[in-house]
Amino acid sequence: MKGFFFIAAVFVGLAAMAQSPQQIIVSMDRQDFQPLQQVNWKILAGSSSMSTSEGLTERSGNGLGIGIERILSDRWSLGAHYTNVRANASAADYNDYYDANGNARRYEYRESVNMVDIYGRFSFINYPVNKWNQIQVGLLGGAIAMDKHDKSTNLIYGAAASYNYDNLIGFELNTKVDLDAQASTSANLIGYF
């Protein structure tokens, strides 16, 4: 009987060893993720917001924007962005509207504001997470033009952070501020080509 148990134990042990998984290791060369050497243009589309104050008029609102950016090197690029914003405006008119104390009353209205900005970008962080993903952080500088404003063109500065997946699609957040502390912020999907 002891011999039978010994033979059964050997068979069970051999069966267990036959069922153990085997590991196969394949060695592959690491491919560097260099998207800025493989693509030349970025197309941006997304949501934008603006907040401005000019004299007695304040405007704020959200809208849709589209942009294009030319990649010059792994750190430098030039771009342009157009946005149409549906803005809530608030203004005071000293000619028509006065309250009981003689102060100008504010009135509100809605209007469509078109914005175009042209900028240069310097990306001081180009971090490849792996061969498919990259994170960029950069500084922006350029000019912005807005209709419905007395001073239609102004210099801007700002910052942007973006994520690139395999040169197929990406996402970017940026904010731009002009010298009068008027802000424009965008959240965009990016297509690369």
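Residues numbered from 1 in each chain as written. Predicted model: local features only at pLDDT ≥ 70, side-chain atom pairs only at ≥ 80, totals over all residues. Heavy atoms only, no water.

## Topic: the environment of isoleucine 125
Along the polypeptide, isoleucine 125 turns up in strand β4 (residues 106-128). For isoleucine 125, a relative accessible area of 36% gives the class partly exposed. With 50 residues separating them along the chain, isoleucine 125 and arginine 75 place their C-alpha atoms 8.3 Å apart. Residue contacts for isoleucine 125: discarding those within four places in its chain leaves Arg75, Ile135, Gln136 and Val137. (Helix = DSSP H or I, 4+ residues; strand = E, 2+ residues; numbered from the N terminus. Buried < 20%, exposed > 50% of the residue type's maximum accessible area, 1.4 Å probe, protein only. Contact = heavy atoms within 4.5 Å.)

## Focus on the pairing of strand β5 (residues 133-146)
Note that β4 and β5 share 13 bridges and pair antiparallel. Among the inter-strand pairings, proline 128 is bridged to a residue of β5, identified as glutamine 134. Hairpin remark: β4 followed by β5, antiparallel, with four residues in the connecting loop. Across 13 bridges, the pairing between β5 and strand β6 (residues 153-165) is antiparallel. Bridge assignment links valine 137 to a residue of β6, and that residue is alanine 161. (Pairing = 2+ DSSP bridges.)

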